[in-house]
Amino acid sequence: MKVLNFGSLNLDYIYSVDTFLRPGETKSAEGRQTFLGGKGFNQSVALARAGVPVFHAGNAGERESAAAFREALLQAGADVTFLQDGAEVCGHAIIQVDKNGQNCILIFHGANYHISQDDVNRVLDHFAAGDMVVLQNEINATAYIIEEAHRRGMQIAFNPSPYDETIRRLPLEKLSWLILNEVEVQDLSGQECVEGYVRWFRENFPQLRVVVTLGSRGALYIDSQQALRHPSYQVQIVDTTAAGDVFTGFFLAGQAMGRPVEESMQLASKAAGISVSRKGSAASAPTLQEVLETELKVLEQ
Ligand code: RIB
């Protein structure tokens, strides 16, 4: 099975602040660091570091930014044959990280929203039935890719982040995996508890394998046969940016490699735990080797 990630690439400007800005407030940041990011890029790096030689497709904009992303993807072990550049400015994100390591993110789509149906077709022509395509909600062509990948018999994994009103209108019945956080699952399903999520997905999307990340409460896996929980791990929280992307990349890598669900959840939870103990976006993603060698204690509830 080949794995394709059709996803965003953003330059992340991460500002350290004591507390997030309030409306009308102006204040100085304690520091700024620039990282390569974007949910798509972060997930490709995580997939590659987890041992899956993912193909990353997307639009990185002007030549200079595209070269930096190309280099970083190659270094992580990803394939960049389908990475586009162009005249548009690269996407970027303004990220505040507060003293507790929590973040808030403002994104500007830039080149991520310059992907045509021809671009999509040209990439998908290199993949076949049974291959996996990974998507997030930060490029303009998501709906078309879902339709077209499904028509070609590909398996589709979707992380509906950032969540907005367009998600409900997507053909979710054509997906194989859905990976989302608790706020997103509540917005999508209208349910407010684990039993409610399980019931709602089984009634509405019985074909889906769903993972709901629950922060310090771990993660929940749901399919038509089973629902299981995996705890999170005790770590010193430094920066939560991209933790969800690292989880998604490692979980899907496990699935692509045919690992059992429990093992995929365990590796993903540990990798996400390691990533929050470090600064940065994709830069915080560990390798599979590090995940296997790092001992972490389960966070008791
Ligand atoms: O999930 C973290 C990512 O969200 C950042 O890298 C930023 O670019 C935004 O896409």
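Residues numbered from 1 in each chain as written. Predicted model: local features only at pLDDT ≥ 70, side-chain atom pairs only at ≥ 80, totals over all residues. Heavy atoms only, no water.

**Q** Sorry if this is basic, but what is going on with the sheet that holds strand 2 (residues 10-16) here?
**A** Two orientations exist for strands paired in a sheet by backbone hydrogen bonds: parallel and antiparallel. Reading across from one edge, 3-2-6-7 is the order of the four strands in this open sheet, with mixed pairing throughout. Whereas interior strands pair on both sides, the edge strands pair on one side only; in this sheet they are strand 3 (31-37) and strand 7 (103-108). Neighbour-to-neighbour, the strand axes of the sheet open up by a mean angle of 20 degrees, direction not taken into account. The pairing of strand 2 with strand 3 spans seven bridges and is classified as antiparallel. Looking across to strand 3, one finds that Ile14 is bridged to Gln33. (Pairing = 2+ DSSP bridges. Helix = DSSP H or I, 4+ residues; strand = E, 2+ residues; numbered from the N terminus. Axes fitted to C-alpha atoms, helices over the stretch in contact; angles between N-to-C directions.)

**Q** Explain helix 3 (residues 117-124) to me, please; I cannot follow it from the model alone.
**A** One turn of the α-helix equals 3.6 residues, which is why residues spaced by three or four share an orientation. Along helix 3, the residues that are buried comprise Asp119, Val120, Val123 and Leu124. In a view along the axis of helix 3, the buried residues occupy a sector of 125 degrees, so they form one face of it. Those residues of helix 3 that are exposed and angled more than 90 degrees off the buried face are Asp118 and Arg122. (Buried < 20%, exposed > 50% of the residue type's maximum accessible area, 1.4 Å probe, protein only. Arc of directions from axis to C-beta.)

**Q** So what exactly am I meant to see when it comes to unusual backbone geometry here?
**A** Working note: non-glycine residues mostly have negative phi, and peptide bonds are mostly trans. Backbone torsion omega between Ser161 and Pro162 reads 0 degrees, so that peptide bond is classified as cis. Within the element layout of this structure, Pro162 appears in the loop between strand 9 (155-159) and strand 10 (177-181). Of note in this structure, Ala242 is not a glycine but carries a positive phi near 75 degrees. Within the element layout of this structure, Ala242 appears in the loop between strand 13 (227-230) and helix 7 (243-256). The exposure class assigned to Ala242 is buried, which follows from its relative accessible area of 11%.

**Q** What am I meant to see in the pattern of salt bridges here?
**A** The full count for this structure, using the stated rule, is eleven salt bridges. Arg22 serves as the salt-bridge partner of Glu25, at 3.3 Å between the closest nitrogen and oxygen. Under the relative-accessibility criterion, Glu25 is labelled partly exposed at 26%. With a closest N to O distance of 2.4 Å, Glu290 and Arg278 form a salt bridge. Of this pair, Glu290 sits in helix 9 (residues 288-293) while Arg278 is found in the loop between helix 8 (261-276) and helix 9, placing the two residues twelve residues apart along the sequence. Here Glu290 falls in the partly exposed class, since its relative accessible area comes to 27%. Several salt bridges converge on common partners, so that one network encompasses Asp125, Glu148, Arg151 and Arg152. (Salt bridge = Lys/Arg side-chain N within 4 Å of Asp/Glu carboxyl O.)

**Q** What is the right way to read the pairing of strand 6 (residues 91-97) from this model?
**A** A regular strand places its side chains so that they alternate between the two faces of the sheet. With respect to burial, strand 6 is a largely interior element, five of its seven residues being buried. Of the pairings in the sheet, the one linking strand 6 to strand 7 comprises six bridges and is antiparallel in character. Note on strand 7: the bridge partner recorded for Gln96 is Cys104. A loop of five residues connects strand 6 with strand 7, the two strands running antiparallel in sequence, and Gly101 in this loop sits at a positive phi of about 85 degrees.

**Q** Explain the nonpolar core here, please?
**A** Counting residues in each nonpolar core, the largest one holds 45 residues, and the members touching the most others are Phe250, Phe251, Leu252 and Met265. Breaking this core down by element, the ones donating at least two residues are helix 1 (39-49), helix 2 (63-76), strand 8 (132-136), strand 10, strand 12 (219-222), helix 7, helix 8 and helix 9. Ranked by the residues each element gives to this core, the list is headed by helix 8, at seven residues. When near neighbours in sequence (up to four residues on either side) are disregarded, Phe250 contacts Ala46, Arg49, Ala50, Leu267, Ala268, Ala271, Pro286, Thr287, Leu288 and Val291. Counting residues in hydrophobic clusters, the runner-up holds 40 residues, among them Val120, Val123, Phe127 and Ile167. (Core = buried A, V, L, I, M, F, W, Y, C linked by side-chain atoms within 4.5 Å. Contact = heavy atoms within 4.5 Å.)

By themselves, these figures tell us nothing about what the structure is for.
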